[in-house]
Amino acid sequence: MARKLDVGVQMDPLEGIDINGDSTFALMLEAQARGYNLFVYGVESLALTEGAHTPGRGRTSRVTASVRPVSVQREKGDHARFGAAVRRDLGDMDVILMRQDPPFDMAYITATHLLEHIHGTGPGRALVVNDPRSVRDSPEKLLVTHYPELMPPTLVTWDVAEIRAFRARWRDIIVKPLFGNGGSGVFRIREDDQNLNALLEMHFARSREPLMIQRYEPAVRAGDKRIILADGKPIGAINRVPAEGEARSNMHVGGVAQKVDLTPRDREICETIGPMLREKGLIFVGIDVIGDWLTEINVTSPTGLQELARFDGVNPAGLLWDCIEARLSAG
């Protein structure tokens, strides 16, 4: 794409990121290398003005944010240099990267509603990656339930009796909050574990949300594979191996990333879900596979680009920007 793009990045504070692990930073470095103009803003600065008059477009909905122009470099302690903040109509951007971290709560959902007003291509529109409506309609742990043939045995419920029956059948289970992230609140409960009732009481005392329960897969000791898909096509994977004595493989809780190749089963999973991801405008997706089973489809703020680049020598951020440019060119 010959023209220079204006790219807005909706993210948590850029000042505090890990420049050697953050996928948003990798996307920003690649965008800058392509000559794009970068702007960052926090979700808390979003504003919707309904029925505003826009020159040349009549009365429209305007979504604005307090954006800062920024340049980035891989230099610890001096990785971002900002210009002065200015309130700007996000519909005048070419691309918006929605990259703030979950939790997937009402604040997150509200942001998708606001961005939906400007998502698209053409005048007054910006291509939001990923499509905000599809993100809202595709919670990671629920989207995967549309593919039961790819999943381990799974239960989503508020019903304590159903949870007890599920453990009685499968004996060794994983209990996790439906809208959690980064491995937070995930527990392994074995057949003889007497803490299940206390855990359920604690969860339902502070939350109205159901839980997801899955059969524990011993294959996780060999790793929980994160496969990165760009517009529905796999571009590589990393293996996340749990720390000793830990049931969770997330790197936030001590999981170690390792190089890994895609298996025929991995490719089968990607080919099954790929058309759906493309149709929904879910351009940057990270799926989690344990053994032969798909456990999550991550669409909110996937990670793993920098690890994949180090292990495979590919440029995953570049491949994602190629897909974004293709979407813009197609209109």
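Our structure's up above, just so we're on the same page.
Each chain has its residues counted from 1, following the order in which its sequence is written. Given that this is a predicted model, residues contribute local features only at a pLDDT of at least 70 and side-chain atom pairs are listed and counted only at 80 or more, while totals for whole chains, interfaces and linings are drawn from all residues. Note: side-chain values were computed over all heavy atoms of the structure, leaving out hydrogens and water.

A.B. asks: In this structure, what is going on with the overall build of the protein chain? I would like to understand it.
C.D. replies: What the protein chain contains, in helices and strands, is 9 helices and 17 strands. To get the radius of gyration, use the C-alpha atoms; to get the globule rule, take the number of residues to the power 0.38 and multiply by 2.2 Å. The C-alpha atoms of the protein chain give 21 Å as radius of gyration, which agrees with the globular expectation for 331 residues (20 Å, within 12%). Dimensions along the principal axes, computed over C-alpha positions, put the protein chain at roughly 65 × 45 × 40 Å. Residues classed as buried in the protein chain amount to 52% of the 331 residues present. For the protein chain, the exposed surface amounts to about 15000 Å²; the carbon and sulfur share of it is 50%. Computed over 40 positive and 45 negative side-chain charges, the separation of the two mean positions in the protein chain equals 2 Å. Numbering goes from the N terminus for both helices and strands, where a helix is a DSSP run of H or I of at least four residues and a strand is a run of E of at least two. Burial status follows relative accessibility: with a 1.4 Å probe on protein chains alone, a residue under 20% of its type maximum counts as buried, one over 50% as exposed, and anything between as partly exposed. Each accessible area is a Shrake-Rupley estimate made with a 1.4 Å probe; only the visible protein chains count as cover when residues are assessed. Working convention for charge: Lys and Arg count positive, Asp and Glu count negative, and His plus the chain ends are omitted. By convention, the charge on Lys lies at NZ, on Arg at CZ, on Asp at CG and on Glu at CD.

A.B. asks: Mind showing me how you'd approach the environment of Gly 124 here?
C.D. replies: By the element assignment, Gly 124 lies in the loop between α2 (106-116) and β8 (127-129). On a C-alpha basis, the gap between Gly 124 and Arg 62 in space is 8.8 Å, while along the polypeptide they are 62 residues apart.

A.B. asks: How do you make sense of the pattern of salt bridges when you look at a structure like this?
C.D. replies: Opposite charge on two side chains allows them to pair when their charged atoms are near. By salt bridge we mean one thing: a side-chain nitrogen of Lys or Arg within 4 Å of a carboxyl oxygen of Asp or Glu. For the structure on display, the rule yields 21 salt bridges. Of the charged contacts, one joins Arg 81 and Asp 78 as a salt bridge, the two residues approaching to 2.5 Å between their closest N and O atoms. Residue Asp 78 is classed as partly exposed on the basis of its relative accessible area of 22%. Bridged by salt links that share partners, the residues Glu 30, Arg 34, Asp 322 and Glu 325 form one connected network.

A.B. asks: Explain the layout of surface pockets to me, please; I cannot follow it from the model alone.
C.D. replies: Unoccupied space between atoms shows up once a probe the size of one water molecule is rolled over them. In this structure, the second largest pocket occupies an estimated 230 Å³ of space. As defined here, a cavity is a set of points on a 1 Å grid over the protein atoms alone where a 1.4 Å probe fits but cannot get out. A pocket is an open set with protein on both sides within 12 Å along at least five of seven lines, and residues line them when an atom is within 4 Å of a point. Taken together, 13 residues form the lining of the second largest pocket, with Pro 177, Phe 179, Gly 180, Arg 206 and Glu 209 sitting closest to its centre. Polar here means any residue outside two lists: the nonpolar Ala, Val, Leu, Ile, Met, Phe, Trp, Tyr, Cys and Pro, and the charged Asp, Glu, Lys and Arg; Gly therefore counts as polar. Residues that form the lining of the second largest pocket fall into these classes: 4 nonpolar, 6 polar and 3 charged. Grid points are joined across faces, edges and corners, and a volume is the space filled by probe spheres set on the points.

A.B. asks: Even after reading the chapter, I still don't get empty space enclosed by the protein, so can you show me in this structure?
C.D. replies: Within the structure shown, the criterion is met by 1 cavity of 30 Å³ or more. In this structure, the largest cavity occupies an estimated 70 Å³ of space. Considering the residues around the largest cavity, the lining is formed by 13 residues, among which Leu 27, Arg 99, Val 129, Asn 130 and Phe 284 are closest to the centre. Looking at the lining of the largest cavity, the elements with two or more residues in it are β7 (95-98) and α9 (316-330). For the lining of the largest cavity, a count of residues per class yields 10 nonpolar, 2 polar and 1 charged.

A.B. asks: Got a minute to help me understand helix α8 (residues 305-312) in this structure?
C.D. replies: Since the α-helix packs 3.6 residues into each turn, any two residues three or four apart lie on the same face. Taken as a whole, α8 has its buried residues at Leu 305, Gln 306, Glu 307 and Leu 308. Whether two residues touch is decided by their heavy atoms; if any such pair falls within 4.5 Å, the residues are in contact. Looking at the buried positions of α8, the neighbouring elements they touch are α1 (23-33), β13 (224-230), β14 (233-241), β15 (256-259), β16 (284-290) and α9. Of the residues trailing α8, Gly 313 is marked for its positive phi of about 70°.

A.B. asks: Help me out: how do you make sense of unusual backbone geometry in this one?
C.D. replies: With glycine set apart, most residues show a phi of negative sign, and most peptide bonds adopt trans. For the bond running from Val 129 to Asn 130, omega is 0°, close enough to zero to count as cis. With respect to the helices and strands, Asn 130 occurs in the loop between β8 and α3 (132-136). The residue Arg 171 is not glycine, and still its phi comes out positive at about 70°. Along the chain, Arg 171 turns up in the loop between α5 (160-170) and β10 (173-177). Here Arg 171 falls in the partly exposed class, since its relative accessible area comes to 46%. Positive phi values are uncommon outside glycine, yet Asp 231 reaches one of about 50°. Considering the arrangement of structural elements, one finds Asp 231 in the loop between β13 and β14.

A.B. asks: Explanation requested: the sheet that holds strand β11 (residues 187-189) in the structure shown.
C.D. replies: Working definition: the strands of a sheet are paired by backbone hydrogen bonds and lie parallel or antiparallel to each other. Only strands joined by at least two bridges in the DSSP assignment are considered to pair. One open sheet holds the 4 strands; their spatial order is β9-β12-β10-β11, and the pairing between them is antiparallel. The open sheet is flanked by β9 (154-157) and β11, the only strands paired with a single partner. Looking at each pair of strands side by side, their axes are set apart by 25° on average, direction ignored. Relative to strand β12 (residues 211-215), β9 runs antiparallel, the two sharing 4 bridges. Looking at the pairing, Thr 157 lines up with Leu 211 of β12. The axes are straight lines fitted to the C-alpha atoms, using for helices just the contacting stretch, and the angles between their N-to-C directions are given from 0 to 180°.

A.B. asks: So what exactly am I meant to see when it comes to the packing of α8 against α9 here?
C.D. replies: When two helices pack together, you describe them by how their axes are tilted relative to each other and by the distance separating the axes. As a packed pair, α8 and α9 sit with axes 8 Å apart at the nearest point and diverge in direction by 120°. With respect to each other, α8 and α9 are oriented oblique. Between α8 and α9, the contacting residues are Leu 305, Leu 308 and Ala 309 on the first element and Pro 316, Ala 317 and Leu 320 on the second. In this scheme, roughly parallel covers angles under 35 degrees and roughly antiparallel covers those over 145, while 65 to 115 is roughly perpendicular and the rest are oblique.

A.B. asks: Please explain the nonpolar core as it appears in this structure.
C.D. replies: Most often, soluble globular proteins keep nonpolar side chains buried together rather than apart. Among the nonpolar cores identified, the biggest contains 42 residues, and Leu 46, Leu 90, Ile 273, Ile 287, Leu 294 and Ile 297 are the most heavily contacted of them. Of all elements in the fold, only β2 (37-41), β4 (58-72), β7, α2, β13, α7 (264-279), β16 and β17 (293-298) reach the threshold of two or more residues within this core. Discounting residues that sit within four places of it in the chain, Ile 273 has contacts with Tyr 147, Leu 150, Ile 287, Leu 294 and Ile 297. Nonpolar core, defined: a set of buried Ala, Val, Leu, Ile, Met, Phe, Trp, Tyr and Cys residues in which side-chain atoms within 4.5 Å join the residues together. Membership of the second largest hydrophobic core comes to 37 residues, among which are Ala 26, Val 72, Ala 80 and Leu 127.

Nothing here speaks to function; it is all geometry.
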